[in-house]
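# Structure at a glance
Here are the chains, one letter per residue:
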Amino acid sequence: MSGPADSIEIQNVVASTGIGQELDLEALADDLPGADFNPDNFPGLVYRTQEPKAAALIFRSGKIVCTGAKSIDDVHEALGIIFDKLRDLSIPVDEEPEITVQNIVSSADLGHNLNLNALAIGLGLEDVEYEPEQFPGLVYRMDEPKVVILLFGSGKIVITGGKQTDDAETAVEEIVERIDALGLLG
């Protein structure tokens, strides 16, 4: 039998790394085909990989943020491509720079409509933000795992703030248990 945890899909993985030295982004923009650099709009250079699909935000400090990847493996692969491109331009990059996952955004479907008004009260006002005039979802801050869950009346949810792929699964199991204990599931 498939449950809400089976419907989890990673939507975005954000990770950071660095090459430990300053970069000349103007020169890099000229030397890296397809790079976007418009310092009036954004201080970093944007370089997109197609396979896997991701975007790297490369900053003058040598820090790099990878976003848009659909898995942690894709982050490592996309950053590997970028490290190789930098090495090809004679920019020294360590063999295995440390990559830190900052955020994993996942979505899931609880399979039932939710009464968000009742949930806002039942889950405890200290962990909940629900202002339907401002935003149609209920924002629930979970302590363990430390994630934020957006719950919508349709039963669809978004889990953000995870650092590992199992955070979403743990969060879904936990929220289903809490909603069910309140008698508000289905």
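Nothing here was measured: the structure is a model prediction, and the numbers come from that model. (Residues numbered from 1 in each chain as written. Predicted model: local features only at pLDDT ≥ 70, side-chain atom pairs only at ≥ 80, totals over all residues. Heavy atoms only, no water.)

### Remarks on the domain arrangement of the protein
- Once the domains are mapped, the protein shows domain 1 (14-100) and domain 2 (109-180).
- Distance between the C-alpha centres of domain 1 and domain 2: 33 Å. (Domains from an automatic or database assignment.)

### Some words on the nonpolar core
- In terms of nonpolar packing, the biggest core is built from 29 residues, with Ile 19, Leu 28, Leu 45, Ile 58, Ile 64, Val 75 and Leu 86 touching the most fellow members.
- Those elements that provide at least two residues to this core are strand E1 (9-18), helix H1 (25-31), strand E2 (45-49), strand E3 (54-58), strand E4 (63-69), helix H2 (72-88) and strand E5 (100-109).
- Dropping the residues within four chain positions of it, Ile 58 is found in contact with Leu 23, Leu 25, Leu 28, Gly 44, Leu 45, Tyr 47, Lys 63, Ile 64 and Ile 82.
- Leu 114, Leu 116, Met 142 and Ile 159 belong to the second-largest nonpolar core, a separate cluster that totals 22 residues. (Core = buried A, V, L, I, M, F, W, Y, C linked by side-chain atoms within 4.5 Å. Buried < 20%, exposed > 50% of the residue type's maximum accessible area, 1.4 Å probe, protein only. Helix = DSSP H or I, 4+ residues; strand = E, 2+ residues; numbered from the N terminus. Contact = heavy atoms within 4.5 Å.)

### A few points about helix H4 (residues 165-181)
- Between the first and last C-alpha of H4 there are 25 Å, a value that for 17 residues agrees with the 24 Å anticipated at 1.5 Å per step.
- Buried residues along H4 sit in contact with E5, helix H3 (116-122), strand E7 (138-142), strand E8 (147-151) and strand E9 (156-162).
- Positive backbone phi, approximately 70°, marks Gly 183, located one or two places after H4. (Expected span 1.5 Å × (residues − 1).)

### What to know about the environment of Gly 122
- Residue placement: Gly 122 occurs in helix H3.
- Since its relative accessible area comes to 36%, Gly 122 is described here as partly exposed.
- Along the backbone, Gly 122 and Ile 179 are 57 residues apart, and their C-alpha atoms lie at a distance of 8.2 Å.

### Structural notes on the pairing of E2
- The buried count for E2 comes to 4 of 5 residues, which makes it a mostly enclosed element.
- Alignment of E2 against E3, held across 5 bridges, turns out to be antiparallel. Within the sheet, the bridge partner assigned to Val 46 lies in E3 and is Leu 57.
- Hairpin connection between E2 and E3: a loop of 4 residues separates the two successive antiparallel strands. (Pairing = 2+ DSSP bridges.)

### Topic: the pattern of salt bridges
- For the structure shown, the criterion picks out 6 salt bridges.
- Residue Arg 141 is joined to Glu 129 by a salt bridge in which the shortest nitrogen-to-oxygen separation is 2.9 Å. With a gap of 12 residues between them, Arg 141 in strand E7 and Glu 129 in strand E6 (residues 128-129) connect regions that are remote in the sequence.
- For Arg 141, a relative accessible area of 41% gives the class partly exposed.
- Between Glu 174 and Arg 178 there is a salt bridge, with its nearest N and O atoms 2.7 Å apart. Here Glu 174 pairs with Arg 178, and both are found in helix H4, just 4 residues apart, close to one helical turn.
- The partly exposed category is assigned to Arg 178, whose relative accessible area is 30%. (Salt bridge = Lys/Arg side-chain N within 4 Å of Asp/Glu carboxyl O.)

### Some thoughts on unusual backbone geometry
- Of the consecutive residues Glu 51 and Pro 52, the connecting peptide bond is found in the cis state with omega at 0°.
- In this fold, Pro 52 is placed in the loop between E2 and E3.
- With an omega dihedral of -5°, the bond running from Glu 144 to Pro 145 counts as a cis peptide bond.
- For Pro 145, the position within the fold is in the loop between E7 and E8.
- Although it is not a glycine, Ser 90 adopts a positive phi angle of roughly 65°.

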